[in-house]
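Now for the letters of each chain:
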Amino acid sequence: MSDLALSIPQARTARLRSPATVLRIIQTICIFIIALVIVSPLLLLVVASLKDDRFQILADMGSFRAYWVSNPTLSNYAEVGHLSGELAFGRYLINSLIILVTTVCSGLIVNSMAAFVLAWGSFKGRAVILSIVIALYVIPQESIIMPLVIMVSRAGMTDTFAVQIVPWVASPLYIFLLYQFFAQLPKELLEAAEIDGASFFRAYRSIFLPLSLPALATVSILMGIETWNQYLWPILVTQTDYARPIAVAIATFFGQDSIYWDRAMAASVLMMIPILGLYLAFQRWFVSSFIGSAVKG
Amino acid sequence: MGKRLLWSLVLSSVLSASWAQAAEKTAIQVMHQGDPGFVAAYGKVAERFEAANPDVDIQFIYAPHDAYNEKFSAAVMAKQLPDVMELDAPFLANYVWSGYLQPIKPLIDKDLLDDMTESNIAQGTYPIDKDLYAIGLTDSSVVLYGNKKYLEAIGARIPKSVDDAWTREEFEGYLEKLSKLDGVKWPIDTFRGYGIKTEWITYAYGPILQSAGCDLIDREAWKSEGTLDSDACVDALAMMQKWVKNGWVVPQSAGTNQFFAEGNPAALALGGHWVYAEAVATMKDNIVVLPLPKFGAKGASPNGTWIWAITKTSKHPDIAAKFISFLLKDKEYRAYVASQSGYPGLKSFAAESPLYANGGPMAIAFEQASKTAVSRPPHPAYPTITSAFMQAVDEAFNGGDPKEALTSAAKKIDEDIEDNDGYPPFGDGQ
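Conventions adopted
- Residues numbered from 1 in each chain as written.
- Chains lettered and ligands numbered in written order.
- Predicted model: local features only at pLDDT ≥ 70, side-chain atom pairs only at ≥ 80, totals over all residues.
- Heavy atoms only, no water.
- UniProt positions renumbered as here; feature names shortened; annotations may be inferred.
- Helix = DSSP H or I, 4+ residues; strand = E, 2+ residues; numbered from the N terminus.
- Buried < 20%, exposed > 50% of the residue type's maximum accessible area, 1.4 Å probe, protein only.
- Areas by Shrake-Rupley, 256 points an atom, 1.4 Å probe, with all protein chains shown as cover.
- Salt bridge = Lys/Arg side-chain N within 4 Å of Asp/Glu carboxyl O.
- Pairing = 2+ DSSP bridges.
- Contact = heavy atoms within 4.5 Å.
- Axes fitted to C-alpha atoms, helices over the stretch in contact; angles between N-to-C directions.
- Expected span 1.5 Å × (residues − 1).
- Phe/Tyr/Trp six-rings, centres within 6.5 Å; stacked < 30°, edge-to-face > 60°.
- Buried area = accessible area lost by both parts, 1.4 Å probe.
- Polar contact = N/O pair within 3.5 Å; in protein donor to acceptor, adjacent residues only side chain to side chain.

Going by the annotation in an unreviewed UniProt entry, the name recorded for chain B is Sugar ABC transporter substrate-binding protein, with Rhizobium acidisoli given as the source organism. Annotation of chain B in UniProt includes, under Sequence similarities (unreviewed entry), the sentence "Belongs to the bacterial solute-binding protein 1 family."

Chain A is annotated in an unreviewed UniProt entry as sn-glycerol-3-phosphate transport system permease protein UgpE from Rhizobium acidisoli. Per UniProt, chain A carries the Sequence similarities (unreviewed entry) text "Belongs to the binding-protein-dependent transport system permease family." Taken from UniProt, the Subunit (unreviewed entry) comment for chain A reads in full: "The complex is composed of two ATP-binding proteins (UgpC), two transmembrane proteins (UgpA and UgpE) and a solute-binding protein (UgpB)."

(A) Structural detail: the overall build of chain A. Counting its regular elements, chain A contains 15 helices and zero strands. For chain A, with 297 residues in total, the buried portion stands at 40%. When the accessible area of chain A is evaluated, it comes to approximately 16,500 Å², of which 70% is carbon and sulfur surface.

(B) Focus on the pattern of salt bridges. Residues and elements named next belong to chain B. Under the criterion given, the structure shown has 19 salt bridges over all chains. Measuring nitrogen to oxygen at the nearest pair gives 3.8 Å for the salt bridge that ties K180 to E176. Taking the relative accessible area as the measure of exposure, E176 reaches 39% and is therefore partly exposed. Shared partners join several salt bridges into a network, and the residues in it are R168, E172, D235 and K242.

(C) View of the sheet that holds strand β3 (residues 84–88) of chain B. Residues and elements named next belong to chain B. Taken in spatial order, the five strands line up as β2-β1-β3-β12-β6 in an open sheet, and their pairing is mixed. Both edges of this open sheet fall to β2 (56–62) and β6 (134–135), since each of them pairs with a single strand only. As paired strands, β6 and strand β12 (residues 306–310) are joined by two bridges and run antiparallel to one another. Bridging from a neighbouring strand, A134 pairs with A309 of β12. Helix-sheet contacts for helix α2 (residues 36–52) involve β1 (26–32), β2, β3 and β12, and the interaxial angle to β2 is about 165 degrees. Each of β1, β2, β3, β6 and β12 is contacted by helix α12 (residues 317–329), which is oriented at about 155 degrees to β12, the strand it contacts most.

(D) Inspection of helix α10 (residues 231–245) of chain B at higher detail. Residue and element names in this part refer to chain B. Here α10 contains 15 residues, and its C-alpha end-to-end distance of 20 Å stays within 8% of the 21 Å for a straight helix at 1.5 Å per residue. Residues of α10 that are buried include every one of C233, V234, A236, L237, M239, M240, Q241, W243 and V244, and no others. Buried residues belonging to α10 abut α8 (168–179), α9 (200–211), α16 (382–397) and α17 (402–419). In the stretch just after α10, G247 is the one whose phi turns positive, near 75 degrees.

(E) Quick peek at the UniProt feature "transmembrane region" (unreviewed entry) in chain A. All names here are of chain A. Per the UniProt annotation, the sites labelled "transmembrane region" (unreviewed entry) are residues 21–48, 92–120, 127–149, 161–182, 203–225 and 264–282. Measuring from the first to the last C-alpha atom of residues 21–48 gives 39 Å, for a span that is 100% helix and 0% strand. Taken end to end, residues 127–149 is 87% helix and 0% strand, and its first and last C-alpha atoms sit 31 Å apart.

(F) Representation of the packing of aromatic side chains within the structure. Residues and elements named next belong to chain B. On inspection of all chains with the given rule, the structure shows 43 aromatic pairs over all chains. Taking the centre distance of 5.2 Å and the plane angle of 70 degrees together, the rings of F49 and F326 count as edge-to-face. Of this pair, F49 sits in helix α2 while F326 sits in helix α12, and the two are 277 residues apart along the sequence. Using a relative accessible area of 1% as the deciding quantity, one classes F49 as buried. Plain terms: the ring middles of F191 and W200 are 6.0 Å apart, the flat faces sit at 70 degrees to each other, and that makes the pair edge-to-face.

(G) Local environment of the interface of chain A and chain B. Contacts between chain A and chain B engage 33 residues on the former and 31 residues on the latter. The junction of chain A with chain B conceals about 2,800 Å² of combined surface from both sides, 58% of it contributed by carbon and sulfur atoms. Summed over the shared surface of chain A and chain B, the result is one salt bridge. Where R65 of chain A meets E262 of chain B, a salt bridge forms, and the shortest distance between an N and an O atom there is 3.0 Å. Taken together, the links from chain A to chain B amount to nine residue pairs in polar contact (both at pLDDT 80 or more).

(H) Molecular detail of the environment of I104 of chain B. Residue and element names in this part refer to chain B. Residue placement: I104 occurs in the loop between α4 (92–97) and α5 (110–115). Assessed through its relative accessible area of 0%, I104 is described here as buried. Between the C-alpha atoms of I104 and D318, which are 214 residues apart in sequence, the distance is 9.5 Å. Beyond its immediate chain neighbours, meaning those up to four positions away, I104 contacts L132, Y133, A134, I135, W308 and I310.

(I) Here's a closer look at unusual backbone geometry. Residues and elements named next belong to chain B. For the bond running from P424 to P425, omega is 10 degrees, close enough to zero to count as cis. By the element assignment, P425 lies in the segment after α17. At K79, a position not held by glycine, the phi torsion is positive, near 55 degrees. Along the chain, K79 falls in the loop between α3 (68–77) and β3. Residues other than glycine seldom take positive phi values, yet Y423 does so here, at roughly 50 degrees.

(J) Up close: the sheet that holds strand β8 (residues 142–147) of chain B. Residues and elements named next belong to chain B. Sheet architecture is open: four strands sit in the order β9-β10-β8-β11, paired in mixed fashion. The outermost strands of the open sheet, each flanked by one partner alone, are β9 (186–189) and β11 (287–290). Ignoring which end each strand starts from, the neighbouring axes of this sheet average 20 degrees apart. With four bridges connecting them, β8 and β11 associate as antiparallel partners. In the sheet register, L144 faces β11, and the bridge partner there is L290. Contacting β8, β10 (266–272) and β11, helix α11 (residues 275–283) crosses the sheet at an angle of about 155 degrees to β11.

This is the structure in structure tokens:
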């Protein structure tokens, strides 16, 4: 055996023992544990949705059996799918998707336009309007919800899709987020566009908007989650299953006397899939927006 | 061209005929809550009602249980109250006082009115005018469930009727013995897992105070200070706090089913009548149903559940009442409610429910309705009363001083009553 052959395992051992390697192993273990903690509720949800006995789901809570199913079944999904009439989950799911897509699309247009005007518009009082927008953000939704109910009912909007979309399209938070992004871009871009004869709107549409994809992705995801999880507002302003979202339908499983954990878990998994899809679709830009904001000086 | 015109005419006449038919129908809106089983059952009743009354269209407005009051408030503000509404009995006085409901005695079928149990009449009656504003097929109660195996192991006396319920000393003695028994993790599940956002605390624990000789409010003077913060109430709450401190009560974090969970970690359960169906599915014959213990000179048990009323804004109260009467008499609906261990609020329904009949496994629960049932305070300030009491109990269970917690609750209740000038005509009597 040559000296070289002997030296390789020694070098590997030395590398393994080096403080940097040990630190990396500890870091990896920590990250793995944190990831497990974060993922565990979702795992519990999926596993519970595959159990056929709601009492068993409850009995297993609080022990590691909550993460294990010996005889997995899709019967809960079948039951949720088979519900009809007032509890037709397919209908609720489609309603939720319509509300989600319309709110996010129109929200991106309205909020980005408002943000762009506030960032680069040439009119007096921009700073005052921006301050008002930021001030609006601190008003809790609960404090305006009942006056809003009166307004939409007087406008004859109850039990429509519009009543669940229109009030939430313009949002101070998203206007401010996009404003910050637009304001960080160099002013030369707007000047160059003006020299080339582009209008203010054209500069927004053709130059600033394409550059803002990471910020728009962030807003899409945040707005999507917010819209998807709306619960109290749809209850207050809708009467029938015509335009009600799935979050309201899931609440049916949480009755006065008992909770149907099995079907609630299955319906929750179904509810989670579209929003997970939205996240995966925008993940690349979403992550890059965070990286971008982290490296900016 | 001529053919096209002819077809257009035929189509438009068919469409206008069907539109006219739909327009002729009287729409009755029914606001309700309930789990998927009940929602489906109501839907089927509506189908049968519409088949029997082709000129009526029943439109349901579902509101989840935990957001029902918010939905009701929104309906009031938007002036969109339904014709028929399901409501939780203790809130009836507030709704009548606010002018939302109308008396239903002249509208509901007389045979149904004659069929009501005393407790059912009480839950639907407004005490000021003594008029009936709501009616239900069911009522409710809370009993003490026991694990037969554990009770036999400690040699506990098994009461045979409400009259020989356990005394406070017996009850606390058994809790202590059970806490030392192998296999028992917690002597009693008081369903703390329901939290403080439902009516559970006032509904189930209020009678413990009443049995101990006090109440949430003086029911003649309608004043809480001097009653809720009296020595008897403080002593009763301190007693419950002791059970929690001793580790005898299933904690809130453990959920709501430890009595019938696998391994039966809880030996007793202070549970609603609805728990029976769930418990028997897993425990079979190992359950005994006991009356609520006497914590003082007399026994007390709760009553009241979700019942049906007609709003004052209804343009068709006669049809609304016809639907309620149809619902309460519907055989298939009754069969479904019976299968869910529904607690009878009509004598005929009691006769159809072997569970609650003499000798039935839940007979003691039904006996409580006539012997110990005490309605929650039928006062317009009830929403404040229940919220203040729930907070006080929660505070005490989390280690707070029972005297301070109850004093603060009593003050809040009286302040609300004063702020509303005594809720006249309640205030007029003072």
